[in-house]
Amino acid sequence: MNDFDDSYRAVPLHIMAASLIVMMILDFMPFSFDGFFWLPEMTALMLLYWTLHQPQRAGMGLAFAIGLIVDAATAATLGLHALSYVVMTYFILNRRQIMLYGHIMQLAAVLAALLLNQAVLTVARLFLNHQVITLQGFVAPFVGALLWPILSQLMLIVTRIYRSR
């Protein structure tokens with residue numbers, strides 16, 4: 001059985017919820033942008049993981065709800081992350097065949113989705129707050145794409161351990 005076949009087996013909702021909550025807590029850590037501009041949005045990475053591995057449970061509705069929670073918790077304009085997460089999720093849902101390929105193709109798709117997420121956030125912030133994001137803000141999607149294989153393998157191990165019980 002490969003990762004693609006294994007990904008269609010049901011994962012309990014509490015595993016999904018716990019992983020998203022842990023990643024949100026990591027995102028809510030108060031780091032300054034000056035020193036930590038390279039940190040990716042871990043919530044977006046986990047949302048991408050669940051969208052690829054459990055599309056029947058994690059779709060655009062979950063992305064919208066998670067985005068609203070992130071907006072409320074970070075005091076961002078309500079709907080900003082919700083919009084970017086929905087666009088990112090829509091992009092990745094239309095490219096689900098990526099799971100059939102190797103990690104390099106997955107890495108490229110995740111990089112494109114994270115860059116799209118960052119671009120939507122940048123354009124929305126520009127129109128809403130007249131806040132210009134420098135090119136430093138686009139380093140985080142590349143770091144997130146490099147973390148993707150580690151996160152993917154770690155979550156596959158967690159789900160396999162849970163299923164073996």
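Every value quoted in this text rests on a predicted model; they were computed, and no experiment measured them.

Trainee: Explain the packing of aromatic side chains to me, and be specific about the residues and the numbers.
Mentor: In the structure shown here, the tally under the stated rule is two aromatic pairs. Measuring from ring centre to ring centre gives 5.0 Å for Y49 and W50, while their planes differ by 75°; the resulting arrangement is edge-to-face. Assigned by exposure class, Y49 and W50 land together as buried. When the ring of Y49 is compared with that of W148, the centres are 6.2 Å apart and the planes differ by 50°; the resulting orientation is tilted.

Trainee: Residues and numbers for the environment of D34, please.
Mentor: Residue position: D34 is located in helix α3 (residues 33–36). For D34 and F127, which are 93 residues apart along the polypeptide, the C-alpha to C-alpha distance reads 23 Å.

Trainee: Outline unusual backbone geometry, listing residues and values.
Mentor: With a phi close to 60°, A75 is a non-glycine residue in the positive phi region. Structurally, A75 can be placed in the loop between α5 (60–74) and α6 (80–93). Under the relative-accessibility criterion, A75 is labelled exposed at 71%.

Trainee: With reference to specific residues and values, describe the packing of helix α4 (residues 42–53) against helix α8 (residues 140–164).
Mentor: Orientation of α4 relative to α8, taken along the N-to-C sense of each, is 55°, at an axis distance of 10 Å. Taken together, the axes of α4 and α8 lie oblique to each other. In terms of crossing hand, the pair formed by α4 and α8 is right-handed. When α4 is examined against α8, the residues M42, L45, M46, L48, Y49, W50, L52 and H53 are found in contact with a partner set consisting of G144, L147, W148, L151, S152, M155, L156 and T159. The residue makeup of the contact of α4 with α8, split by class, is 12 nonpolar, four polar and no charged.

Trainee: If you had to explain the packing of α5 against α6 to someone new, which residues and values would you point to?
Mentor: Packed helices, taken two at a time, are described by the angle their axes make and the gap between the axes. Closest axis-to-axis distance for the α5/α6 pair is 7 Å, and the angle between their directions is 150°. Taken together, α5 and α6 sit at an angle that is classed as roughly antiparallel. In terms of crossing hand, the pair formed by α5 and α6 is right-handed. For the pair α5 and α6, contact is made by M60, A63, F64, I66, G67, L68, V70, D71 and T74 and by L80, H81, A82, Y85, V86, T89, Y90 and L93, respectively. Considered class by class, the residues forming the contact of α5 with α6 number 12 nonpolar, four polar and one charged.

Trainee: Let's hear about α4: which residues, and what values?
Mentor: When the terminal C-alpha atoms of α4 are compared, their 16 Å separation across 12 residues agrees well with the 16 Å that a helix rising 1.5 Å per residue should span. Summarising burial for α4: 12 of the 12 residues are buried, a large majority. Where α4 is concerned, the buried positions are M42, T43, A44, L45, M46, L47, L48, Y49, W50, T51, L52 and H53.

Thresholds applied
Residues numbered from 1 in each chain as written. Predicted model: local features only at pLDDT ≥ 70, side-chain atom pairs only at ≥ 80, totals over all residues. Heavy atoms only, no water. Phe/Tyr/Trp six-rings, centres within 6.5 Å; stacked < 30°, edge-to-face > 60°. Buried < 20%, exposed > 50% of the residue type's maximum accessible area, 1.4 Å probe, protein only. Helix = DSSP H or I, 4+ residues; strand = E, 2+ residues; numbered from the N terminus. Axes fitted to C-alpha atoms, helices over the stretch in contact; angles between N-to-C directions. Parallel < 35°, antiparallel > 145°, perpendicular 65-115°, else oblique. Left-handed = near helix turned anticlockwise from the far one by under 90°. Contact = heavy atoms within 4.5 Å. Nonpolar A, V, L, I, M, F, W, Y, C, P; charged D, E, K, R; others polar. Expected span 1.5 Å × (residues − 1).

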